[in-house]
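Each chain, letter by letter, is given below.
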Amino acid sequence: SRASGAETAAPVGTTLEWYSIMTVTTTRAAAHEPAEQPKDEIGASEFIRKYPSYDGRGIIVGVFDTGVDPGAPGLQTTSDGKPKMIDLVDCTGSGDVDTSKETELEADGTLKGLSGRSLTVPAEWPDRAAGTKYRLGLKRAFELYPRPLVARVKAERRRRHDETQRAVAEEERRKAALGPLPTAEGEAGRKGAELAARVSALDACGKAYEDGGPVYDVLTYKDESGVWRVCVDTSERGALGEAALLAPFRVEGKYGTLDAADAASGAETLCNFAVEVAADGARTTLCVDAGSHGTHVAGIIGAHFPDAPELNGIAPGCQIVGFKIGDTRLDGMETGTALVRALGAAIERGVHIINLSFGEYAKVDDIGRFTAAANLAVHKHGLLFVTSAGNNGPALSTGGAPGTSSCCIAVGAYCSSAMMGPQYSLRAKLADIQYTWSSRGPSYDGHLNVSVSAPGGAIAPVPNWTLQGRQLMNGTSMASPNACGGITLLLSALAARGERWSPASIRRAIETTALRTPNATGSAVEVWALGRGLLQVGAALSWLEEHGGHAHCDVRFELSATTHGCSTAAGAGARGVYLREPQHSSASEVGVDVFVRPRLHEEAPNAQRVSLDVGVTLQPSAPWLSCAPFLALTHGGKGFNLKVSPGQLPPGAHYAEVAGHDSSSPRRGPLFSLPVTVCKPHANLAAPHAPCHVAFERVAFSPGHIERRFVVPPRGATWATLTLRARGAPRSREPAGSVVYMYSLTQLLPQKHVGQSSETRRVTMGVPDEAQGAGAPATEYVSTVACVGGVTLEVAVAQWWMSLGETELDVRLDFFGLSPSVEQLTLDGRTLFSSLELHSFRRTSVEPEGSLKTLRRACRPLQAKLVPPARHRTAHA
């Protein structure tokens, strides 16, 4: 699930991990800018100044990620002196060691490890519990190290090997040069041949060098107090006294380092690890992070720097449990099994709020094994689940799971003007903006997807093995922990006051009070990107103070919308209304049946269900929506009919919603909202006599500006050619040069996730100087993408958010198509030839070419034999 490089979309078929990396060199004495770790944007700094003790104290945050380095800067203590990290849990199995082999001490106090080494057990170790034995295991270091560390260690070991090898080889060459020739007679010739063979063997060994890495013996036993103890022989000499003797991290809070005590200066890995023991000692787990991502996320949430508070995370008083769900064997990609294990472990450890900065596309939203487990964790056990929205913008419907699930708070990535200088060293000051790559809603079934937004970049702690203290990363992976830290401040305030909360009340508070700020499209607010707005911690607490005790505050409301005549994911049982295809978006009116069902906690007394009776005022936010003004809602639920009038709308993407307010107290904000998205085509090329191309000329762009065009390809189209022609805008304030653009071509197809039916690329184009006059040639970019005829294609083009200057683009799409009469051509041996017909909606040049790939033979059996069933099966019958 790696999105490698700076802010790029991951290839189709991979899991998406939402971040990108830029390295920053820092010194301890340097002055730091507060925006390196942005807090002001969500009001966190002001909140802590006003309430110093509500800085996350009393709250446990679970970080579901690649693992957390307990030795990283800022992750040692909380603001009130407690341990920052209270447990490290490997849910992937990548650090598991089989320690089922039992053994006893020899008379001389040694053991024979599984590596064959003699292991010396120090006399000062705590004694074993009566009736127990030592358990032995073996683990290769390269199975534990993150991939970048493997590369560094291999390079260092190869350098040291080559130095030794080179010295020995040079000595043998010297001897061979001074010695007798191999062609000499008798003993001298044999000696010369031996010397020459040694040189050849050394050269061959150098070329065939392969490093398997360090191999560690693992010793596990239970001491007389009943605590499991683990020692990893990092010396690789059996000198266990030089290695750390550890208890499970949650017992003593201690960790070790996978370095020998006598490691050469500059060759240390600085790779920290913790241990856990399971299955009565038969399995020992060495918890090592699979990448720097998880430590960075933990630092954003709650890092504490006593001597440099401007570098603190959002909630420096919180405590953190690191759950490793990124498997080292899969280069940090998560697995469903690890995620489900992590949820169970989080509930067991009393975690209050979870951050998951991972995600991937899903063919069907809000369904699946992990979604069901997350729903249980949130709605039954009361955990808050914050996750990243995704880094696959700027097109619509690019959110990743589990952010598309209703139980999760999905966070979009926001960049303030204050962040741009300290983090990116931009020479020009730009307005606050949503990152170009931040994923947008709605989901396939019309759900808004993005809940709120938060700053999506930070210079935060990273693991020690990276050989740096902090690093800049950006992505919704960073926006999610920023919001998670802000919500942790809210929980800390409520916990300190002895007040209860629920996931429903917290979500309603942050969404109702979020700040709607212009983003990405000039002066407009793009709700699909921003969500309900930019998180505001202080305002959310004020809302909870005023409305937290309301009778319906803890009730969540599930919406189900059925669009008449729509059989897609946005048709029956959808969480919103999404009219994207021309048969609906171009209709004069579309009817939608909506059903609202209140949901209480499963253990709530039935008397509460009986007493739930609320009058709801329904308020459409746009004139092209109409519905009844009132809904009498009880626990059994109630429905209403909505009329959507797309015929009133101009081409483009439009958003509105129907908000349901408690008629007795509308100031509390909406109890629920039904999102409605309509995408009207700019060109319907599937209409009779329509051309096979469409062009949009001199479309104006500025940093972060997005233009969307919706085109219905001709029926029968199978591919399209996109042509971009760039030029500088008249009176541009920036000199001519190169400009970075990002484009997405997206269709929503049944049973396919958006990654399988879209193309997103970032391109750099030279922009000619307008001062050269009309004769200045425009630069051109051409790309071809597969498409399906008759299905709305979104063409989203954006100027990269930090690419300066005003520009203009000509955008042109040409559609082509070839449809074979059969999908697979077979040459039958009984016929001389097979025919294939190609159909196209336009004149197309074709150069057929084929090759025989598979030979299939029909085999006739030579004999047949009837065999009666087995005796026990006959008797059973």
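The numbering scheme is per chain: residues are counted from 1 as the chain's sequence reads. Only residues with pLDDT of at least 70 are given local features in this predicted model, and only at 80 or more are side-chain atom pairs given and counted; all residues enter the totals for whole chains, interfaces and linings. As a rule here, side-chain values cover all heavy atoms of the structure and leave hydrogens and water aside.

Draft legend 1. A look at the overall build of the protein chain. Looking only at helices and strands, the protein chain features 15 helices and 48 strands. Relative to the globule expectation of 29 Å for 877 residues, the C-alpha radius of gyration of the protein chain, 32 Å, shows essentially globular dimensions. The C-alpha extent of the protein chain, read off along each of the three principal axes, is 100 × 90 × 80 Å. Burial classification: accessible surface area is computed with a 1.4 Å probe over protein chains only, and a residue below 20% of its type maximum counts as buried, one above 50% as exposed, and the rest as partly exposed. For the protein chain, buried positions account for 54% of its 877 residues. When contacts within the protein chain are restricted to residue pairs at least 6 apart in sequence, long-range pairs at least 24 apart make up 75% of them. Each helix corresponds to a stretch of at least 4 residues labelled H or I by DSSP, and each strand to a stretch of at least 2 residues labelled E; elements are numbered beginning at the N terminus. Every radius of gyration here is taken over C-alpha atoms, with the globule rule written as 2.2 Å times N^0.38, N being the number of residues. A contact between two residues is defined here by any heavy atoms of the two lying within 4.5 Å.

Draft legend 2. Examining the sheet that holds strand S14 (residues 272-278) more closely. Strand order in the open sheet formed by four strands is S5-S15-S14-S13, and the pairing between neighbours is antiparallel. Bordering the open sheet on either side are strand S5 (96-98) and strand S13 (256-257), each of which pairs with just one other strand. Relative to S14, S13 runs antiparallel, the two being bridged by two bridges. The partner of Gly256 across the bridge, within S14, is Phe273. Pairing between two strands is assigned when DSSP locates at least 2 bridges connecting them.

Draft legend 3. Spotlight on the pattern of salt bridges. By convention in these notes, a salt bridge is any Lys or Arg side-chain nitrogen within 4 Å of a carboxyl oxygen on Asp or Glu. Inspection of every chain in the model, using the stated rule, returns 53 salt bridges. Notably, a salt bridge pairs Glu143 with Lys139, separated by 3.3 Å at the nearest N-O pair. Classification of Lys139 by relative accessible area gives buried; the value is 7%. Of the charged contacts, one joins Glu143 and Arg140 as a salt bridge, the two residues approaching to 3.9 Å between their closest N and O atoms.

Draft legend 4. Representation of the nonpolar core within the structure. Counting residues in hydrophobic clusters, the biggest one holds 74 residues, and the most contacted among them are Ile353, Ile487 and Trp801. Sort the elements by how many residues they give to this core and helix H9 (residues 476-496) lands first, with 10 residues. In this text, buried Ala, Val, Leu, Ile, Met, Phe, Trp, Tyr and Cys residues form a nonpolar core when linked through side-chain atoms within 4.5 Å. Grouped together as the second largest cluster of nonpolar side chains are 33 residues, Val592, Val594, Val596 and Leu625 included.

Draft legend 5. Representation of the sheet that holds strand S42 (residues 737-746) within the structure. With respect to topology, five strands assemble into an open sheet ordered S38-S40-S45-S42-S43, the strand pairing being mixed. Every interior strand has two partners, whereas the edge strands, strand S38 (683-684) and strand S43 (758-767), have only one. Two elements, S42 and S43, share 10 bridges in a ladder whose sense is antiparallel. Paired with Val739 across the two strands is Met765, which belongs to S43.

Draft legend 6. Region of interest: helix H8 (residues 417-424). Here H8 has its buried residues at Ser417, Met419, Met420, Gln423 and Tyr424. Across the axial projection of H8, the buried residues extend over an arc of 150°, all falling on one side. This arc describes the spread of directions from the helix axis toward the C-beta atoms.

Draft legend 7. Geometry of the environment of Phe595. Topologically, Phe595 is positioned in strand S31 (residues 590-599). Other than its neighbours up to four places away in sequence, Phe595 contacts Glu558, Leu559, Ser560, Gly636, Gly637, Lys638 and Gly639.

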